[in-house]
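Geometric and topological summary
The primary structure of each chain is shown beneath.
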Amino acid sequence: MKLLSFRTSKKDIKRFEKKLAALLPNEFNIYKKIVSTPTKYYSIIFSYIPEGITITHGYSQEFSKQYISKSKKNFNLKGVFIKNKKTGIYEELSLMFIHDCLQKITIKNPYKFYKMYDFNSMELRNLQAEYFEVENSDKRIVEKILKSLNKNQLSQLNLDETFEIDYEEKLYYPILNMEDGNYIAVDKKGNVYRLNHDHSNQIKKIAANPIDFFKVYKGSKSNLENIMYE
């Protein structure tokens with residue numbers, strides 16, 4: 001039984017992003033390039049406090065070096081409206097961008113986002129980008145979780161990119177971006193998991209602590225390919 005067919009999917013979010021990118025002015029050209037690249041991979045995570053959809057990204061190394069690594073703009077975008085299919089009323093979306101990537105859509109009943117709103121009705125009204133600096137407090141949390149690791153081991157992880165994932169009332173923090181929309185993550189107890197959005201079992205424990213994880217991970221992500229699909 002395909003339960004996922006009854007809720008917002010990656011395909012729906014891709015369709016939404018294409019509509020949004022086509023509508024935005026040229027000052028958002030990096031976002032337009034991100035959406036149009038065929039090498040973009042991502043997963044979506046639903047949250048409840050606040051309600052919304054978090055989008056996680058992955059890119060080819062070449063694309064990342066050309067665009068993402070140079071992009072440092074973080075902003076909340078106001079002025080994007082979309083029609084509620086049931087009421088016929090246009091509602092403003094709350095959109096947050098990190099490094100020019102759309103990362104969060106704050107919306108009620110995110111599971112039904114694709115069903116509740118007409119993506120073709122999207123329009124801009126007094127568009128404004130409110131820029132902000134990001135202080136990654138989640139990185140400090142992860143550094144405490146990984147205190148058993150040495151400097152060399154820490155340097156082989158992507159701690160600057162970590163963020164909190166709330167999935168089924170449990171918190172996870174990505175420590176390694178597999179660059180295909182999937183991650184290696186830890187919880188606050190130090191357990192290590194593989195997060196694979198395409199797997200029937202999306203989250204699976206692979207190590208009891210960070211030290212054990214480094215018995216498998218030798219600094220090359222190729223060491224983890226089999227684990228990601230177990």
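This structure is a prediction, so every number in the text was calculated from the model and none was measured.

Here the focus is the overall build of the chain. For the chain, the helix and strand inventory stands at 8 helices and 12 strands. The C-alpha atoms of the chain give a radius of gyration of 18 Å, which matches the 17 Å a tight globule of 230 residues would have. Within the chain, buried positions represent 44% of all 230 residues. The long-range share in the chain, meaning contacts at least 24 apart out of those at least 6 apart in sequence, stands at 59%. Of the side chains in the chain, 38 bear a positive and 28 a negative charge, and the two mean positions are spaced by 3 Å.

Inspection of every chain in the model, using the stated rule, returns 5 salt bridges. Linking Glu123 and Arg125 is a salt bridge whose minimum nitrogen-to-oxygen distance equals 2.7 Å. Classification of Arg125 as partly exposed rests on a relative accessible area of 35%. A salt bridge links Lys215 to Asp212; its shortest N-O distance comes to 3.2 Å.

Every second residue of strand 10 (residues 183-186) is oriented toward a common face, with Tyr183 and Ala185 on one face and Ile184 and Val186 on the other, all of them buried. In this sheet, strand 10 lies alongside strand 9 (residues 170-177) in antiparallel orientation, the contact comprising 4 bridges. Bridge pairing links Asn177 to Tyr183 in strand 10. What sits between strand 9 and strand 10 in their antiparallel hairpin is a turn of 5 residues, with Glu179 showing a positive phi close to 65°. Taking the residues that link successive antiparallel strands as the turn, the strand 10-strand 11 (residues 192-195) hairpin has 5 residues, and the phi of Gly190 there is positive, at about 95°.

With that settled, consider the side chain of Ser121. Its location among the elements puts Ser121 in strand 7 (residues 117-131). Under the relative-accessibility criterion, Ser121 is labelled buried at 8%. Contact partners of Ser121, with chain neighbours within four places excluded, come to Phe81, Ile82, Lys83 and Tyr90.

Turning next to unusual backbone geometry. The backbone of His99 sits at a positive phi, close to 50°, despite the residue not being glycine. Assignment of secondary structure puts His99 in the loop between strand 5 (94-98) and strand 6 (101-106). With a phi close to 50°, Asn126 is a non-glycine residue in the positive phi region. Given a relative accessible area of 64%, Asn126 falls into the exposed group.

Quick look at helix 1 (residues 10-23) now. Given 3.6 residues per helical turn, the α-helix brings residues three or four places apart onto the same face. With 14 residues, helix 1 extends 20 Å between its outermost C-alpha atoms, agreeing within 8% with the 20 Å of an ideal straight helix rising 1.5 Å per residue. For helix 1, every residue scored as buried is listed here: Asp12, Ile13, Phe16, Glu17, Leu20 and Ala21. Within helix 1, the buried residues cover an arc of 165° as seen down the axis, which keeps them to one side. More than 90 degrees from the buried face of helix 1, the exposed residues found are Lys11, Lys18 and Ala22.

Criteria and cut-off values
Residues numbered from 1 in each chain as written. Predicted model: local features only at pLDDT ≥ 70, side-chain atom pairs only at ≥ 80, totals over all residues. Heavy atoms only, no water. Helix = DSSP H or I, 4+ residues; strand = E, 2+ residues; numbered from the N terminus. Rg over C-alpha atoms; globule rule 2.2 N^0.38 Å. Buried < 20%, exposed > 50% of the residue type's maximum accessible area, 1.4 Å probe, protein only. Contact = heavy atoms within 4.5 Å. Lys, Arg positive; Asp, Glu negative; His and termini not counted. Charge placed at Lys NZ, Arg CZ, Asp CG, Glu CD. Salt bridge = Lys/Arg side-chain N within 4 Å of Asp/Glu carboxyl O. Pairing = 2+ DSSP bridges. Expected span 1.5 Å × (residues − 1). Arc of directions from axis to C-beta.

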